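Chain and residue survey
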Amino acid sequence: MIVGAGPAGLTAAATLAAAGAGRVEVLERDPAPGGVPRHCAHGGFGAALLPWRPLDGPEYARNLADAAVRAGASIRTGVTATGWPAEGPGPAAWEPGRPEERVASPAESLTLDVTGPGGLERITARAVLLATGARERPRSARLVPGARAAGVLTAGELQQSVNLYRMRGDAIGRRAVVVGAGPVAPHAARTLRDAGLEVVARVTEGQPPSTYRRGLTTDRVPVPLLAWTTVTGLVGQGRITGVTVRHRGGRTGTLACDTVVFTDDWIPHHELARAGGVALDPATRGPVADGAFRTSVPGVFAAGNVLRGIESAAVAAREGRDAAYAVLRHLAGAPWPSRTVPLVVEPPLLWVSPNRIDAPLARRPFLLRPAEPLGLPVLVAVQDGRLLLRTRRLTALDPSRSVRIAPHWAHAVDPEGGPVVLRTR
Ligand SMILES: Cc1cc2nc3c(=O)[nH]c(=O)nc-3n(C[C@H](O)[C@H](O)[C@H](O)COP(=O)(O)OP(=O)(O)OC[C@H]3O[C@@H](n4cnc5c(N)ncnc54)[C@H](O)[C@@H]3O)c2cc1C
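Residues numbered from 1 in each chain as written. Predicted model: local features only at pLDDT ≥ 70, side-chain atom pairs only at ≥ 80, totals over all residues. Heavy atoms only, no water.

Now for the packing of aromatic side chains. For the structure on display, the rule yields 3 aromatic pairs. With a centroid separation of 5.0 Å and 75 degrees between ring planes, the pair formed by F301 and W336 is classed as edge-to-face. With F301 in strand β20 (residues 300-302) and W336 in the loop between α7 (313-331) and β21 (341-345), this pair connects stretches of sequence that are 35 residues apart. The buried category is assigned to W336, whose relative accessible area is 15%. Above the ring of W228, the side-chain terminus of R248 is found at 4.3 Å from the ring centroid. (Phe/Tyr/Trp six-rings, centres within 6.5 Å; stacked < 30°, edge-to-face > 60°. Helix = DSSP H or I, 4+ residues; strand = E, 2+ residues; numbered from the N terminus. Buried < 20%, exposed > 50% of the residue type's maximum accessible area, 1.4 Å probe, protein only. Lys NZ or Arg CZ within 6 Å of the ring centre and 35° of its normal.)

Following this line, the structure appears as C-alpha cells:
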C-alpha cells in the first residue's frame, strides 16, 4: 500500500506492479493523482527521465499516473489515510541520534485507517510506503507577527489557486511580495505575474541565491531582489496593506502590497508517520530512514519529499523507484535490520538523508543540505573518533540546493558503534 500519488508514490507503484508484487494500491487524498506537479503549470519536469523534452507539471503527473495504471497498480483518489488502528503498526525503537535494538512487529499488522467517498475503511497490507510529500510552513509557523489578514499565502496555495481553481487578478490581489530565495520563489513570482499581479519584490534573509549571483535567474521579467532582508511583520486589518522589513544593518521599511507569498522552509507531511510511531529525524523533520528507505517500523518505508522537504520531482521519482526495489526485497523475505547506525550532522550543515546507515546496504548516495552558503568546504565523517571520510567539495554549497555525497565510505561504519557525525572542517 502506497500513501500519496505524487512522483515518488506513482513511480514506486509502477515499479512494484510491473515486478508482479501482487496487489499494489495507491491512496491519494486529492481528487486526481500527480501530487505537486499537478498544479505546476510551468515546464521543467521529468528532465532526468525524458531528457529530450522536459514536461509541464500536469503532463508529467498524467504520464506517471498512466504508467502506474498500465503496470497494474490501482490508484484511489479522494481517499485520505488518517491513521493507524490503536495498536499501531509497531513500536518505534529508533531514537534519533541513538543506536538501539528494534522490536520486530509482523508485517501483517500494517493496517491503516482511511476515509474516502465510501466512508471509513481499514486496509491491511504486507508493506506500506509513505510518499506523502512536503509543504511550505505557513506564516503562523514562521512566527511572523501581525493581524490575521487576508492575502497571505504559501507558494503551494498560490499554485493551487491559479492553476487548479483558475483564480486571476483581483481574486488573488494586485501587488505581491514573494518571501524566499529557493528554487520555488521564481515560479511563485511567475505565477503571480501570469495571474495579472505586479510583483513588488522578492525578499530573502540571506545572500542572493547563486543563480542570481551568476546571472542565471529563471525569472522571465526580473523581480527586484532584497537580500539580507527579513520580513518582520504584516500590516493591515481584513486585508494586508504591506509587509514591514528590516535590512542588514538595522534599517527598516514597509513594502506596500496586498499579497504576500511565503516560499521555502519546507516541512515534510509527517503526520501519518508520527501517528504510527515512526521515529522522526529532528534535522529533516521527516521519518528517520536508512539507505533502503526503511523507517523505524518494520514493513513501513518512506520515499520522496516526506523524507526531508523539497527536492526535484526527478529525485522523488528516483527514490520511489529505488524504494520499490527495497519493498520487493522485503516481500521476498529480506530481514529488517535490528540495528542501524544514526548519521547526524553538525552546524553549519542542516540535514542529511538517509540518516541511518545499514553498512552492508550503503549503496545509495547521501543528500546533504547546508544551513548557510559554504565555499568549497572540507567534509569529514567520524564514528567514535575514527575518521571515515575526508573530502573537499569542489563546488560551493548553497542552502537552496542539496549536494550528493558518494556512499563508499559508509561500508567502513562499525555496525555496533556509536553515531556517525558529518561535519565541516
Ligand atoms: C511551486 C513548485 C514548483 C516546482 N517546480 C519543479 C520543477 O520545475 N521541476 C521539478 O523537477 N520539481 C519541481 N518541484 C518539486 C516537485 O514538485 C516535488 O519534488 C515532487 O512533487 C515531490 O514528489 P513527492 O511524491 O515526494 O510528493 P508530492 O508531489 O507532494 O505528493 C505527495 C502526495 O501525497 C498526498 N498525501 C499526503 N498525505 C496523504 C494522506 N494522509 N492520505 C492520502 N494522500 C496523501 C498528497 O495529496 C500529494 O498528492 C516544484 C515544487 C513546487 C512546490
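The structure having been displayed, the exposition proceeds.
Moving on, we get to the sheet that holds strand β8 (residues 119-125). As summarised here, the arrangement of the 3 strands in space is β6-β7-β8, forming an open sheet in which the pairing is antiparallel. The strands lining the two open edges of the sheet, one partner per strand, are β6 (80-83) and β8. Between one strand and the next, the sheet's axes are offset by a mean angle of 40 degrees, whatever the strand orientation. (Pairing = 2+ DSSP bridges. Axes fitted to C-alpha atoms, helices over the stretch in contact; angles between N-to-C directions.)

It is worth spelling out the environment of G119 at this point. Its place among the elements puts G119 in strand β8. Each C-alpha atom of the pair G119 and V79 lies 9.2 Å from the other, and the pair is 40 residues apart in sequence.

Looking at where R168 falls in the secondary structure, it is placed in the loop between α3 (155-164) and β12 (175-179). Once the C-alpha coordinates of R168 and G196 are considered, the two residues, 28 residues apart in sequence, prove to be 6.6 Å apart. Those residues in contact with R168 that lie beyond four places of it in its chain are V162, D194 and A195. A distance of 3.3 Å separates the side chain of R168 from the backbone oxygen of V162, its partner in a polar contact. (Contact = heavy atoms within 4.5 Å. Polar contact = N/O pair within 3.5 Å; in protein donor to acceptor, adjacent residues only side chain to side chain.)

Within the largest apolar cluster, 58 residues are counted, with the highest numbers of intra-cluster contacts made by I2, V24, L112, V128, L130 and F301. Aside from chain neighbours lying at most four places away, what touches F301 is A127, V128, L129, L130, A292, F293, R294, T295, A326, V327, H330 and W336. Ranked by size, the runner-up nonpolar core spans 21 residues in total, among them V345, L397, W409 and L422. (Core = buried A, V, L, I, M, F, W, Y, C linked by side-chain atoms within 4.5 Å.)

Turning our eyes to something else, we now look at the pattern of salt bridges. Under the defined criterion, the tally for this structure stands at 17 salt bridges. Across the pair R38 and D30 runs a salt bridge whose closest N-O atoms are separated by 3.6 Å. Take D30: its relative accessible area is 24%, and that puts it in the partly exposed class. Across the pair E271 and R135 runs a salt bridge whose closest N-O atoms are separated by 2.9 Å. Placement of the pair is E271 in helix α6 (residues 271-275) and R135 in strand β10 (residues 134-136), with a sequence separation of 136 residues. Residue E271 is classed as partly exposed on the basis of its relative accessible area, which comes to 34%. A residue is classified by how much of its surface remains accessible, and R135, at 29% relative accessible area, is partly exposed. (Salt bridge = Lys/Arg side-chain N within 4 Å of Asp/Glu carboxyl O.)

Fair warning: the whole summary comes from geometry, so function is off the table for now.
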